[in-house]
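Structural overview
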Amino acid sequence: QSANMLLLQLCLLLAAATSALTDQLNICQDEFSTKGGFIVHHTNCRDYEDDAALAGAQFDEDHDLWIRNGTIEDIGQLLNGSLYNISKLRISDMVEAGNSPIEVFPIDSGRFSTLELTNDGIAELRIPEPDYRLTHLNVARNKLKVLGNVKELKVLKSLTFDGNELEHVSMDDFMEMPELFSISLAGNRIRTISAEQQIMIVKLRALDISDNQLSQLDVTQWKFPQLVSFYMHDNQLNRIVGLRGEFKNVWDISMGGTNRWDCAWFDKVLEYLKQDRKFAMKMFGDPLKCTEESRMEGFICCTNPKDDGENTV
């Protein structure tokens, strides 16, 4: 009898361990129907308590799928199993209590068209080979220290890397990504942005490098002829080398926050920006207090250092 009791206890422990390792997920998917001649959109969400329930799920491969919370034992196995045909995937907040962080996320060639992986604890994007399908990638609020192999995403249009742990960015990584329309690197720890050669991204229209730790910036090698939106607020910049002449179509620009611009340099920038264009300068965050400094345009702080002959724009 004691042997039977011991066997029962072992079975219960094994079942508990197996359950703890099983994918338990809350998954939503957009659904569309026609009613009265109109297309009606709604989101269908349900809990999948184990692998068996997930294996029997019928997901529409053409619609967005969102994993809102749960535990994932093996992300690779999940992607290559029940979610194999899903091309538009969103996974969010896996670092929150009760969920399981995803440390490494694999982006296999030809799998996805849209990926939104936010606040999931991701420390590495594994991109082993060139991809010609993924067009939108959002990995905001993770633990990524490097861009990794994003240059292999050959048709990417939108890249959002906000709120990670980047300290250095090489613009050379974007050289072979001609479809890029938007790059956002806001809210990292970026101290340097380099370019070893001329960087031509013809279709780029929006660039956000705000809320970083940049104290110097040289954009001489940046060739973005269609750029219209350029955000650089809340860094530690006092001037930018090569700004004038490189971005002739920029009209939406944000330069305020913690930057402390050289006043003479900034005056020339304003003069340049106001030539032959509709010009809008935006302010983000709290109103500034410019101690012993000049206040420009109501929200830009600048200083008047000794003239060192480098006030060209």
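Our subject is the structure listed above.
To start, this report covers the structure provided alongside it. (Residues numbered from 1 in each chain as written. Predicted model: local features only at pLDDT ≥ 70, side-chain atom pairs only at ≥ 80, totals over all residues. Heavy atoms only, no water.)

1. A word on the packing of aromatic side chains
Under the counting rule described, the total for this entry stands at seven aromatic pairs. Here the aromatic rings of Trp 261 and Trp 265 are separated by 5.1 Å at their centres, their planes lie at 15 degrees, and the arrangement is stacked. The class for Trp 261 is buried, based on a relative accessible area of 0%. Site record: aromatic cluster; members linked through ring pairs are Trp 222, Phe 224, Phe 230 and Phe 247. The aromatic ring of Trp 66 is capped on one face by Arg 68, whose charged end is 5.5 Å from the ring centroid. (Phe/Tyr/Trp six-rings, centres within 6.5 Å; stacked < 30°, edge-to-face > 60°. Buried < 20%, exposed > 50% of the residue type's maximum accessible area, 1.4 Å probe, protein only. Lys NZ or Arg CZ within 6 Å of the ring centre and 35° of its normal.)

2. A look at the pattern of salt bridges
Taken as a whole and assessed by the stated rule, the structure comprises seven salt bridges. For Glu 124, the salt bridge identified is with Arg 126, shortest N-O distance 3.5 Å. We note a salt bridge from Glu 165 to Lys 145, for which the minimum N-O separation is 2.7 Å. A residue pair is termed long-range when its members are at least 10 positions apart, and Glu 165 in the loop between strand E9 (158-160) and strand E10 (168-170) and Lys 145 in the loop between strand E8 (136-138) and E9 qualify at 20 residues. (Salt bridge = Lys/Arg side-chain N within 4 Å of Asp/Glu carboxyl O. Helix = DSSP H or I, 4+ residues; strand = E, 2+ residues; numbered from the N terminus.)

3. Some remarks on the side chain of Asn 142
Within the fold, Asn 142 resides in the loop between E8 and E9. At a separation of 2.9 Å, a polar atom in the side chain of Asn 142 contacts the main-chain amide nitrogen of Asp 120. At a separation of 3.2 Å, a polar atom in the side chain of Asn 142 contacts the main-chain carbonyl oxygen of Ala 140. Once residues within four sequence positions are removed from consideration, Asn 142 is found in contact with Leu 117, Thr 118, Asn 119, Asp 120, Gly 121, Ile 122, Gly 163 and Asn 164. (Polar contact = N/O pair within 3.5 Å; in protein donor to acceptor, adjacent residues only side chain to side chain. Contact = heavy atoms within 4.5 Å.)

4. Quick look at the environment of Asp 47
Mapping Asp 47 onto the fold places it in strand E2 (residues 38-48). Measuring from C-alpha to C-alpha, the distance between Asp 47 and Gly 70 comes to 9.0 Å, with 23 residues separating the pair along the chain. Those residues in contact with Asp 47 that lie beyond four places of it in its chain are Leu 25 and Asn 26. One polar contact links Asp 47 to Asn 26, side chain to side chain, over a distance of 2.7 Å.

5. Some thoughts on the side chain of Asp 252
As for its placement among the helices and strands, Asp 252 is situated in strand E17 (residues 252-254). Within polar-contact distance, the side chain of Asp 252 engages the side chain of Ser 229 at 3.2 Å. At a separation of 2.9 Å, a polar atom in the side chain of Asp 252 contacts the side chain of Tyr 231. Contacts of Asp 252, omitting those with residues within four sequence positions, involve Val 228, Ser 229, Phe 230, Tyr 231, Ala 280 and Lys 282.

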